[in-house]
Structure formats: C-alpha cells, structure tokens
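# Observations on the three-dimensional arrangement
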Amino acid sequence: LPQDAAESLRLMSERAGNMDASTLLSSAQLLGELMSQANLALAQQTVRAWRANLRADAGCTEDTSTGAVVGNQTFRMAFDALLASGRTAAEIRDAISEQEIEIVLTAHPTEAQRRTILKKHQQIVALLGQHDKGTVLTPGEVTELEEAISREQLAAWRTSNVRRSKPTAEGEARNGLMVIEETCWDAVPEHYRRLDRALRRIGQPPVPYDKAIVKVSTWMGGDRDGNPNVTAVTTGHVLCLQRARAAELYHKEVEKLLYELSHTGPVSAEMRAAVEQITGPRQPGVHRKVFPHEDGYGLAWTFQTGCQEDEPYRVLLMALRRRLYRTRVKMEEVYLGHDSGAEEDADVLTSQAQLLAPLELMYRSLVTVGDRVLANGTLLDLLRRVRTFGICLAKMDIRQESDRHSEAIDAITRALGLGRYLEWDEEARIAWLSAELVSPRPLIPDAGTLAADERVKEVLATFALLATLPPECLGAYCISMARSASDVLAVRLLQVKSGVKSPMRVAPLFETREDLQNAPRVVARLFSVAAYKGAIGGFHEVMLGYSDSSKDAGKFASLWELHVAMEKILEAGRAAGVRISFFHGRGGSIGRGGGPLHLALLSQPAGSIAGAYRVTVQGEQIQAFLASTELAVHTFQSYAISVLEHTISPPKLPTDAQRALMQQLADASAKAFQAQVYQSEDGIFSRYFHAATPTSALASMNLGSRPAKRKAAGGIETLRAIPWVFAWTQTRLHLPVWLGCGAALAERIAGGGLAELRDAYSTWPFFRGLVDLMELELSKAEPAVSEYYDGRLCTPDLRAVGDGLRSALAQAKAAVMEVAGHALLLENHPLAKQSFGLRQPYLLTLHAIQGEVMARLKKEPSDAERLALDDAMTVTVQGVAAGMQNTG
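## Remarks on the overall build of the protein chain
Of regular secondary structure, the protein chain possesses 35 helices and twelve strands. Taken over the C-alpha trace, the protein chain has a radius of gyration of 29 Å; the compact-globule value for 888 residues is 29 Å, and the two agree within 12%. Here the C-alpha coordinates of the protein chain stretch approximately 95 × 80 × 65 Å along the principal axes. Counting all 888 residues of the protein chain, 59% fall into the buried class. Counted over contacts in the protein chain with a minimum sequence separation of 6, partners at least 24 positions apart contribute 80%. Per element, the accessible surface of the protein chain, about 34,100 Å² overall, is 53% carbon and sulfur. Taking the average location of the 97 positive side-chain charges in the protein chain and that of its 104 negative ones, the two points are 2 Å from each other.

Listed below in structure tokens is the structure:
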C-alpha cells in the first residue's frame, strides 16, 4: 500500500466496492485473524524480553517519556534501584510483605472475542512459549510444535467470530473462572517464588507463609448495574459454580501432597495431638487404616481403602480430601436445584480458615522437625493459593445503582406508614437510616404486605441471598452513581435488616466530575454518623470511576478531579481516624483510565496507595494481562513493583503554581469538551456521532450480556462510557483522550505559557504521565480514516462537524509535541512506533471494508445479503479492536 493513508484507503475502498457481501466477510475474517495473531506474537515477545532480563546481569533501559519499559523490569532491577536511592533491604521486604494487590475481573459490555477463539489463542501462546525453548528441543519436537501452532492458527481462522446470541451473565462468569483456573492458579505460587528469590538475593527472608499479597476478585455474576440479566438467582448460581470448582482444584493439590508427604515422622507435638483426635491413641503392635471407603465420599483412584494411622500427614490430608469432595458435590446439587442440605453438612467448607488450619499445622510441623525443604514445596504453594483464592476462587463484588436502593427503602417506608423516603431531604434520610441501624426491630415487611414492583423485589431478593452465603465469598458492595452519605447508609441498613451476619463493606463509586468534586464532603458526612463509623472497624473503601468522569468532562479534567478527590478523601479519613483504600475502576483504553501501569500510577497522589491497590481488569484486558501463566506472572510482578515504588518512593508533590496550572487546564478542557459534546447547536454532534461511528451496530452484535446504555431512552448522556470509547476507537479519532485537552494546551501555549508547561512536564510526574498517555494514544489516531467514514456515511452538514474534529485533533497533536519537546509523535520510542506501523496496512484495509459494509447496510439490502453484511460488520469491529489492542 502507499505510505499515504488517504491514498491507501481510496485504493482499498475501490476494491471493497467491487466485492460481494460474502467476499467482504471472508476478507475481514482473514485480516482480523492476522491482527489477533500479531497480538499473540507481541504477548509472547513481552514474556521473551522479560525472561531475557531475568537471565541478564545488567539492568534494563527505561524510556519514561512514553511510558514504555523496554526491558520489562524485574524484581532484581527494581530492588537494586531502590537500594541505590537509599532505601534499605529491610524496608523493601517489609513493604512488599504488606502489599494488598487485588485485581477484579469484570465482564466487558463490548468484549469483542468469542470464548472459543480466545481459548485457541491461549493455546497458541502456550505453544509459542514451548517453542522458545528451542535450544533444548530435538528437531522433531520443534517440527511438531510448529505444526501444532499451524493447526491452531487454521482452526482459529476457520472458526466463526460471530456470536449468534448474546452471552449470558453466567456464561461470562464461567469465562472468567476459566482464566483464573488456567493461568492465575499456577501464576500465583510462581509469583511468590520469584519474589522470595529476589528477597534472598538482598539478604532478606521470604514473604511469610501467612501473608496474601495478591488476590483475585470478580464482578462477573455480581454486577447488576444497568444489567437486568444479573439477578439474585444468577449470583447464587455463579457462586455455587465457583465454590465447586475451587473444591475440585484444591482436591487435586491434596492428591499431590498425599504422595509427597508420605513419611511416618517425626512430627510436632501439636500435630500429633491433632492426628490422635482422628485416629485415637496409638496401640502398640496394632496397625490400622483410617478413612476407608464410605458411602457419600465418592470413588477415589488413590487411597480408596484409606491410609495407615502411622502416616500423620496423610491422615490430615485424607480428612481434608473428604471435605473437599463433599463441598464440590453439595455445591453442584445446590446449583442443580436439589435440596442437598448443604448448609447443615458439617463437611462442607464455608471458610478459608477451615482449609488453612490443617495445612498450616502440617507446615509448622515440618519446619519444627527440620523438614523445611518439604514444607516449602507443594504445601507452601497450596497455602498461598488458599490465601489468594479462598473457598470460591474469587470473591464476588456486588454492584447496583444508588437509585435502586432508594426505591427499595421507599417501598419499605410506605409499607410501614412512614411516608415516602424518596421525598425526604438528605438530612432526614440520614437521621432515619442512622436510627434504624441501631434499632433491634425488624424492618423489611413480608413480601405479601410490601407493595413493590419487580425492580424492588429483585433488590430485596439480592440482599436476602447475601444473608445465606458464606461471608468469605463476598467482597465489596459497590454503589454506582453514589452521590450522598445516605446512599451508603441505605446499603448497610438493607444488609443488616436482611440478616447478613457479616455485612459486606460498602464502596461508594464516584463517577462524574461533579460527583468527584463532592466526594470528600460526602465521605466526611458519612464518617460523622456514629452508628456507621462504629461498625466499619476504622477502614473504608472508596471506588473511583475513570470512565464516566472522562466521558463527562474529558481526560484532563477527569484525571485532575480524581487526583484532587483522592487527596481530599484521604484528609477526611485522617480527620475521622479511618484508613481509606481506593478501588480504581479503570478500563482497558487510555480514554477510560487504562494504559501502561506505571504511567497510570503516576496519577495517584502520594499516600493514596500505601501498599494497597485494588483495580478492575476488564474484558479483553483480561486476555492481554492473563493469557498465559507466564504473562500472568509478569502482570502480578508489574503490579507489585509499581505499588512498591509508589509506596516507599512516592511521586513528587506538585508546587502551588503547578496545582493552579492544572486546575486552569482542567477547567478550560472541560468547558471545551462539554461545549462540543453536550452543547452543540441542535444536537448536531450527537447526530454526527451516531452517523459516523458504528455505535448503532453495537446493540445488535451480541458482544456482552449488559446493554450498551444505562437507559433505553436518551442520547449520548445515557450511553455507557465503554461503547462511547469503543466507537471513537473504531473510527481512529480517539476523541475521548484529547478533546478539550488539546485546546486547553494550545490556548496556554498561545498565551505564552509554553515554558511553564515544559517545566511541569519535566519536574511533575503526574503531568508528565498525563501528557505521555495522550501522546501514546494520539500516535494511533488516523484522521484519514475518520474522513473516509464521513465521506461514505455523513451528510454535508455532518461532514463539517468531522472536519472540525480533525482540525482539533491536529491542534492536539501539535500542542502535545510542543510540550514534550518532540518533533514527531513517539520519536524517542521507535519500537512502539514500528510495532503499530506494521499493523497499519491491515487496519486501513479493515476500515475500508467496514466503511463499505456500513454504507451498504444503510441501503436496506436483501435478507440474505444483510446476514452476510451483519457478520462482516461484527468481524471488522473485532479486527479493528484487535489491531488497536483495545475496544473500550
């Protein structure tokens, strides 16, 4: 293709115009699969480069200007840098041992790939990893691997990318569980072992066996915000599946230990006592077996007739194996709707402590008698898995909109003759909720006396379900669109009055710019309620939304308001004696808080992490971060290093002048963003958005279980942030990242502020990270693509809107390069530039096909042609998403 993007698009458009619908579809499938294969190669190259650094003695080259770490830092490199900066080895070990890193897997409303395809891609990555061991493989083994890779590639290409029905919420949860089982399960113990080796190198002991520095949680099956497909039944089913699968995985590990810990002694006194509680006192000369086969404990391939009573470790393991079997069977029965009596079965595991007790007892015994080498093998790996995955593989968060809880409370107050809760002001709500929190009286009327619609009944059914679940299966209760202290109190009260014995911690989610600005006041008011503050144990979680705040006011305003809100919320917590932990609702794209991890953490103010970092990993990012065991280990390490550095060597604080500068830029960018998006004359921007982007096609593409809009009615304001970003990614304008920001920077430069901006860029990590993220995304923008779509799909008045946006894009590019001191975007990071440049010809061809398909769909084709065109539309969306390496 010609180097000029516009000319390339013209040529490809001519060819696409001569293709029939089926040829358009097959061409899009081939190009989309090429993009996916490129991503697989890049993922493996990430691991390959990382492993090269693990083998190397020297450090790596870090290119902070674009946020790329060329050599993929290792623990050794990070520890050496911290030691060189004056930190002690003990400080590093203490900080790393106290880390609380939790990744929360979420379903993606625009997840572009089918699970079948993802499974094949995971297999290709695994085969590539084996192929990298070529120096120790025989020629025949190399040939077999290459043939296996070819088979998987062909099978992936021959498999349809098109979903014929929307995935169910439970199906999405099963996908998430498969990722945990296939990659995270082995990655977690390997992560700890690498860390232990790095600590040993600097003269420090390993991470204590009773620490849990990394955890995995999930929203899949629990996120009902705007998704009517997630019900109390769904949540209950998913947790049954999780508990059954966890029991099965632990069962396999116990089987390994039954062979590994076969010795008869010696053992510690406390372990001997525990064993004799099962076997009774030993009788000299008598040899008995314990745990022979019994009905109700299934058929075992090993130790079916029991184990000898003088094998103490096997005795404890056999007891645990029986409980794990019963737990799996009972959870499956509950899922299938059988009345299994699981709650009354003493063998069913309901807490992590029940799993840990015998395992930790064995660990201490082995260490006590001098068998530490055995203790630190499979047994230590299992202990660390239990502390990471608990009894259900991933704790489940619940998320619901604040208005839904208010509606439920309103139905209750009306049923009790107390009036309409929805009509009370905030202080009246707080007063009533506070009094009810300490009142012993029942509150929720019987279903027969409660005049409630289905929405309210479903909310109450969810709280009733929570009361029946083991507390350790549950994480945080997240309240989307939280705006007041009463929103939090309402959820706490509904839990208490529904009989939840250990209420879930409540995390208000502040999302819009206005909500972020009000968040510190809301949190301070919440902590002033004695009945609530006394119940939270001096700890509170606050969730921050990067998506809606960016969609509401643009990237500059969003990140700055998040930064300021975190600082002020921390102040409110300190004033009340409450430790604040933030939960970051980041998306995959830069427009929704994504991007390189260490750049993303630069937006966090000093003290906001303090060893704890909880963050969402969404949709296709799950595959990018966790596609293989080695990639998952790399991901865990990246989080650990970034959190460690931020904790003991936090970013530099801004000067007062820099704060004032950033506030002015945020205000100016928000004003420009909102004027363009929400205040355009006669709503012309909204009409342009729906005409020039594939957003209207998303609803019919079966990409996720959750609707693309929070409400069926309304315009851009009701559209979720994810499809909003997705649409602009498809047309290569990437508007959510730069709109308003470019104008604010250009205005400042024109006013003589370039020196001030460059000083902030060179001395303030937050500002540098923000500009670098913009540069990274702007390098992927291609105005010729947007112009091509406009020419195919828009009327002249709408094309004028597109012309204005492309002019603003050029202004943003120029402003960013001036501030960064670059003559070209990413000029100092040629590898990233080359990597994306290699994708450009394939992407331009996909855009040409997509534009042709969208134009034909507007002409009301025949039913047969429409079917092929709809499929081609889906495949091009997937292909562009793969080429851009994110959807939304």
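## A look at the packing of aromatic side chains
Overall, the coordinates contain 21 aromatic pairs when judged by the stated rule. Summarising the aromatic geometry, the rings of tryptophan 424 and tryptophan 432 are spaced 5.8 Å apart at their centres and angled 70° between planes, so their arrangement reads as edge-to-face. Consider the rings of phenylalanine 685 and tryptophan 724, whose centres lie 6.4 Å apart with planes at 55°: the pair is tilted. Taken as a pair, phenylalanine 685 in helix H25 (residues 684-692) and tryptophan 724 in helix H27 (residues 721-730) lie far apart in primary sequence, 39 residues in all. In this structure phenylalanine 685 comes out as buried when scored by relative accessible area, which is 0%. Taking relative accessible area as the criterion, tryptophan 724 reaches 1% and is therefore assigned buried. Through a chain of ring-to-ring contacts, three or more aromatic side chains come together here, namely Phe685, Tyr688, Phe689, Trp724 and Trp728. Sitting over the ring of tyrosine 297, arginine 322 keeps its end group 3.9 Å from the ring centre. Note that arginine 614 overlies the ring of phenylalanine 583, its terminal NZ or CZ placed 4.3 Å from the centroid.

## Quick notes on a nonpolar patch on the surface
A cluster of nonpolar side chains, contributed by Leu30, Leu34, Leu154, Trp157 and Tyr842, occupies part of the molecular surface with about 430 Å² of accessible area. Residue assignment for the nonpolar patch shows that the elements contributing at least two residues are helix H2 (21-55) and helix H6 (139-158). Locating tryptophan 157 in the fold gives a position in helix H6. We classify tryptophan 157 as partly exposed; its relative accessible area is 31%.

## Points about the pattern of salt bridges
Across all of its chains, the model carries 48 salt bridges by this definition. The salt bridge involving arginine 866 is made with aspartate 870; its shortest N-O contact spans 4.0 Å. Taken together, the residues arginine 866 and aspartate 870, both in helix H35 (residues 863-884) and four residues apart, mark about one turn of the helix. The exposure class of arginine 866 is partly exposed, given its relative accessible area of 31%.

## Quick notes on the confidence of the model for the protein chain
Of all residues in the protein chain, 91% attain a pLDDT of 70 or more, and the chain-wide mean is 88. Per-residue pLDDT, averaged within each element of the protein chain, yields its smallest value for strand S2 (residues 68-69) (38) and its largest for helix H16 (residues 485-497) (98). Scored below 50 in pLDDT, residues 589-594 shows 32 contacts in the model against residues more than four places distant or in partner chains.

## Digging into the packing of helix H29 (residues 741-750) against helix H30 (residues 754-763)
For the pair H29 and H30, the least separation of the axes is 7 Å and the interaxial angle reads 125°. The angle between H29 and H30 falls in the class oblique. Two secondary-structure elements touch here, H29 through Leu745, Arg748 and Ile749 and H30 through Leu754, Glu756 and Leu757. In terms of residue class, the contact of H29 with H30 is built from four nonpolar, no polar and two charged.

Definitions and cut-offs
Per chain, the residues get numbers from 1 upward, laid out in the order the sequence is written. Only residues with pLDDT of at least 70 are given local features in this predicted model, and only at 80 or more are side-chain atom pairs given and counted; all residues enter the totals for whole chains, interfaces and linings. Excluded from the side-chain calculations are hydrogens and water; all other atoms, namely the structure's heavy atoms, are used. Under the scheme used here, helices are H or I runs from DSSP no shorter than 4 residues and strands are E runs no shorter than 2 residues, and both carry numbers assigned from the N terminus. A radius of gyration in this sense is built from C-alpha atoms; the matching globule rule multiplies 2.2 Å by the number of residues raised to 0.38. Classification of residues uses two cut-offs on accessible area relative to the type maximum, computed with a 1.4 Å probe and protein chains only: under 20% is buried, over 50% is exposed, and between them is partly exposed. In this analysis, two residues are considered to be in contact whenever any of their non-hydrogen atoms come within 4.5 Å of each other. Shrake-Rupley sampling with a 1.4 Å probe provides the accessible areas, and residues are treated as covered by the protein chains on show and by no other component. Residues counted as positive are Lys and Arg, residues counted as negative are Asp and Glu, and His and the chain ends are not counted. To locate a charge, take NZ of a lysine, CZ of an arginine, CG of an aspartate or CD of a glutamate. Only the six-membered ring of Trp is used, alongside the rings of Phe and Tyr, when aromatic pairs are assigned; centres must lie within 6.5 Å, and planes under 30 degrees apart are stacked while those over 60 apart are edge-to-face, with the rest tilted. In this scheme, Lys NZ or Arg CZ marks a charge over a ring once it lies within 6 Å of the ring centre and within 35 degrees of the ring normal. The patches described consist of residues with a relative accessible area above 30% and no salt bridge, like charges being joined within 9 Å and nonpolar side chains (Val, Leu, Ile, Met, Phe, Trp, Tyr) within 5 Å. Should a side-chain nitrogen of Lys or Arg be within 4 Å of a carboxyl oxygen of Asp or Glu, the pair is scored as a salt bridge. The predictor rates its confidence in each residue with pLDDT, a number between 0 and 100. Lines are fitted to the C-alpha atoms to define the axes, a helix being fitted only along its stretch in contact, and any angle between axes, read from their N-to-C directions, falls within 0 to 180 degrees. Angular relationships are summarised with four words: roughly parallel below 35 degrees, roughly antiparallel beyond 145, roughly perpendicular across 65 to 115, and oblique for the angles in between. Throughout, the ten residues Ala, Val, Leu, Ile, Met, Phe, Trp, Tyr, Cys and Pro are labelled nonpolar, Asp, Glu, Lys and Arg are labelled charged, and all others, Gly among them, are labelled polar.

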